[in-house]
Amino acid sequence: MVTPQAGTPNTLAARIPSGLRAFLRATFAARTLREHAYLAVAGVLALAGLIALLVALYISVLLSITLVGIPLLALTVLGCRQVGGLHRWLANALLGEEVATPRRPRDRNRGLFAWLRRTLGDVDGWRAMAYIVVSAPLLVVGLWAAIVAWGGALGLLAYPVFWQVGHPTNTDTHGNLRHSGMQFGQFYFDTWPRALGLALVGLVAVCLVPWLVRGLTAADRFLVRALLSPSRLSTRVVDLETTRAQAVDASAANLRRIERDLHDGTQARLVALAMHLDMAKEKLAAAEPAAGGGSAALVEARDLLDTAHRTATDAIVELRDVTRSIHPPALDKGLDAALTTLAARSAVPTTLRTEITARPSPAIETIAYFCVAELLTNAAKHSGARHVAIDVTGGSEALVLRVSDDGRGGAYLREGGGLAGLADRVRTVDGELRLVSPPGGPTVVTVELPSEAGRS
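Remember, it's a predicted structure, so these values are computed and weren't measured experimentally. (Residues numbered from 1 in each chain as written. Predicted model: local features only at pLDDT ≥ 70, side-chain atom pairs only at ≥ 80, totals over all residues. Heavy atoms only, no water.)

Is there a simple way to explain the overall build of the protein in this structure?
The helix and strand inventory of the protein stands at 13 helices and 9 strands. Expressed as a percentage of the 456 residues in the protein, the buried residues total 36%. In the protein, the proportion of contacts linking residues at least 24 apart, taken out of those at least 6 apart, comes to 70%. (Helix = DSSP H or I, 4+ residues; strand = E, 2+ residues; numbered from the N terminus. Buried < 20%, exposed > 50% of the residue type's maximum accessible area, 1.4 Å probe, protein only. Contact = heavy atoms within 4.5 Å.)

Here you go:
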């Protein structure tokens, strides 16, 4: 007697090839159920989306001569983007297809025309519209084909029961009984072997239908990745904005570190040097009577010490100014506290109103601080203003500064000027500086900054 060796498969299931086992299991797999649910829901959604899209486009074309069609077209693009978001969510929830959400186009300008330009220029919105147009026939026809395939497969599988219970008959033109089974051409399934053979065909069909659905969902997966994912251009913009934001934040952190090193290191040594020079002057003054008091060497030494002391004192003052220009220490307590200090030190009487509900990033705080400082300096030097008002509002998305004075006006962005430099600095973080300064005043400068560098 031959005994099976250890590890030798001795069950019927183990003897079935792995490819055939996967083919048979597909009918009862959880993935198959999810794919069928996706095809059903996405098919209905695609049909409704296509009908709504065609109606909206038709109305937009009809109303284009009245200019009402253009905003309607923009709303259509926006709606397609939302429908595309639903399809992305379905693909993620039921198919496990993770597709990133394209970011909305960015434009800080307000108003209808800015919104139209931003929405009609939304490449990802138009790509979502293309997805609706292309995927609707695939999903709707695929859903119809899946329903027909399942109906036919289950009907064939249940034919022996139907044949016995329903007793189907075929009669001639005179009403005479010819056969008691289903007819296919000149062939009749009116015997048990034939009925069971037809059921076997139905069983094979039941195993094939899930693969038909899998192929349909695979084609839609491709469309979702190709048309509903962020475009290459928008992805590149996001990468550049992220890289720039990291560079701005890293630069702010490095400047803060340099300021601390200068304050805690170099400035402390200079202060110690000035103190030692002061002590040397005192000892030299005490030693002068014992040494005759008026020798040329002592006078020269005293002059050298006085010069060194003044130089060290001047260096300390300049170093403090440099460290304040790198990172004002007042910002450690927050932007509102730092601006309060600026307003108190202003040469022109200044009122300050702040409403900051979320603290901006350190880089944004630094830019905002220097903007206000430069504008206060300009008002004191050039405007002849008697009063300056600073209004600051900020939240989790944006920080808005508004500095106005009652001076003579006439300010403008001159290349190489201070205001142009501020505008350039603000643009590094996608901010915007707007200047209104008619002759005779008043001058109003509005600076809009994101709460974080690189935020959309």
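Where do I start with the nonpolar core in this structure?
In summary, soluble globular proteins display a tendency toward joint burial of nonpolar side chains. With 32 residues, the main nonpolar core has Leu399, Leu401, Val447 and Leu449 as its most contacted residues. Elements with a minimum of two residues in this core: helix 11 (335–345), helix 12 (362–383), strand 6 (388–394), strand 7 (398–405), helix 13 (418–427) and strand 9 (443–450). (Core = buried A, V, L, I, M, F, W, Y, C linked by side-chain atoms within 4.5 Å.)

Teacher, can you tell me more about the packing of helix 6 (residues 123–157) against helix 8 (residues 192–227) here?
Between two packed helices, the angle of one axis relative to the other and the distance separating the axes together describe the packing. Packing of helix 6 against helix 8 leaves a shortest axis separation of 8 Å and a crossing angle of 170°. The orientation of helix 6 with respect to helix 8, classified from their angle, is roughly antiparallel. A class-by-class count of the residues in the contact of helix 6 with helix 8 yields 30 nonpolar, 3 polar and 2 charged. (Axes fitted to C-alpha atoms, helices over the stretch in contact; angles between N-to-C directions. Parallel < 35°, antiparallel > 145°, perpendicular 65-115°, else oblique. Nonpolar A, V, L, I, M, F, W, Y, C, P; charged D, E, K, R; others polar.)

Looking at this structure, how should I read the sheet that holds strand 9?
Strands in a sheet are paired, the pairing made by backbone hydrogen bonds, and the direction either parallel or antiparallel. Strand order in this open sheet of 5 strands is 5-6-7-9-8, and the pairing throughout is mixed. Only two strands of the sheet have a single neighbouring strand rather than two, namely strand 5 (350–356) and strand 8 (432–436). Strand-to-strand twist in this sheet, taken as the mean axis angle between neighbours without regard to direction, amounts to 10°. Two elements, strand 6 and strand 7, share 7 bridges in a ladder whose sense is antiparallel. Each bridged residue has a counterpart across the sheet, and for alanine 389 the counterpart in strand 7 is serine 404. (Pairing = 2+ DSSP bridges.)

Help me understand helix 5 (residues 112–120) in this model?
Working note: α-helix, 3.6 residues per turn, so residues spaced by three or four point in the same direction. Restricting attention to buried positions, one finds in helix 5 the residues Ala114, Leu116, Arg118 and Thr119. Where helix 5 is buried, its residues contact helix 4 (69–95).

Which parts of the structure should I look at to understand a nonpolar patch on the surface?
Taken together, the side chains of Leu47, Ile51, Val55, Tyr58, Ile59, Leu62, Leu63 and Val68 present a nonpolar region at the surface, about 710 Å² in accessible area. Within the fold, leucine 62 resides in helix 3 (residues 30–63). Residue leucine 62 is classed as partly exposed on the basis of its relative accessible area, which comes to 49%. (Patch = residues over 30% accessible without salt bridge, like charges linked within 9 Å, V, L, I, M, F, W, Y side chains within 5 Å. Areas by Shrake-Rupley, 256 points an atom, 1.4 Å probe, with all protein chains shown as cover. Salt bridge = Lys/Arg side-chain N within 4 Å of Asp/Glu carboxyl O.)

Help me understand the packing of aromatic side chains in this model?
Think of a pair of aromatic rings as described by two things: how far the centres are apart, and how the planes are tilted against each other in angle. Applying the stated criterion across every chain yields a total of 1 aromatic pair. Ring geometry for tyrosine 369 versus phenylalanine 370: centroids 5.5 Å apart, planes at 85°, classification edge-to-face. Judged on exposure class, the residue tyrosine 369 and its partner phenylalanine 370 are both buried. Across from the ring centre of tryptophan 211, 4.7 Å away, lies the NZ or CZ of arginine 214, which sits over that ring. (Phe/Tyr/Trp six-rings, centres within 6.5 Å; stacked < 30°, edge-to-face > 60°. Lys NZ or Arg CZ within 6 Å of the ring centre and 35° of its normal.)

I keep staring at helix 13 and nothing clicks. Help me out?
Regarding helix 13, the residues found buried are Leu419, Ala420, Leu422, Ala423 and Val426. The arc that holds the buried residues of helix 13, viewed along the axis, is 160°, so those residues lie on one side. The inward-facing, buried residues of helix 13 abut helix 12, strand 8 and strand 9. (Arc of directions from axis to C-beta.)

How should I be thinking about the side chain of aspartate 124 in this particular structure?
In this structure, aspartate 124 sits in helix 6. Of note is the side chain of aspartate 124, whose polar atom sits 3.0 Å from the side chain of arginine 127. (Polar contact = N/O pair within 3.5 Å; in protein donor to acceptor, adjacent residues only side chain to side chain.)

What should I look at first to understand the confidence of the model for the protein in this one?
Any segment with low pLDDT has predicted coordinates that should not be analysed in fine detail. The pLDDT averaged across the protein works out to 77; a share of 70% of its residues lies at or above 70. Considering only residues more than four positions removed or in separate chains, one finds that residues 6–10, a stretch of pLDDT under 50, has 3 contacts. (pLDDT = per-residue confidence, 0-100.)

When you look at the environment of leucine 47 in this model, what are you seeing that I'm missing?
Inspection of the secondary structure assignment puts leucine 47 in helix 3. The class of leucine 47 is partly exposed, set by a relative accessible area of 39%. It is 8.1 Å that separates the C-alpha atoms of leucine 47 and proline 137, two residues lying 90 residues apart in sequence.

Looking at this model, I keep getting lost on the pattern of salt bridges. Mind explaining?
Pairs may arise between side chains of opposite charge once their charged atoms sit close together. Counted according to the given criterion, the structure contains 12 salt bridges. Ionic pairing is found between arginine 214 and glutamate 35, a salt bridge with its closest N-O pair at 3.3 Å. One end of the pair, arginine 214, is in helix 8; the other, glutamate 35, is in helix 3, and 179 residues separate them in sequence. When sorted by exposure, arginine 214 lands in the same class as glutamate 35, which is buried.

Please clarify how the side chain of arginine 214 should be interpreted in this entry.
Here arginine 214 falls in the buried class, since its relative accessible area comes to 14%. If sequence neighbours within four positions are ignored, arginine 214 has contacts with Ala26, Arg31, Thr32 and Glu35.

Explain the pairing of strand 7 here, please?
Every regular strand shows the same layout, with side chains that alternate between the two sheet faces. Remark: 3 residues form the turn of the hairpin made by strand 6 and strand 7, two consecutive strands paired antiparallel. The pairing of strand 7 with strand 9 spans 8 bridges and is classified as antiparallel. Note that in strand 9 the partner of leucine 401 across the bridge is valine 447.

I'm lost on the packing of helix 12 against helix 13 in this one. Help?
With their axes 11 Å apart at the nearest point, helix 12 and helix 13 run at an angle of 170° to one another. The orientation of helix 12 with respect to helix 13, classified from their angle, is roughly antiparallel. Where helix 12 abuts helix 13, its residues Thr366, Ile367, Phe370, Cys371, Glu374, Leu375 and Asn378 lie against Gly418, Leu419, Leu422, Arg425 and Val426. When grouped by side-chain class, the residues that make up the contact of helix 12 with helix 13 number 7 nonpolar, 3 polar and 2 charged.

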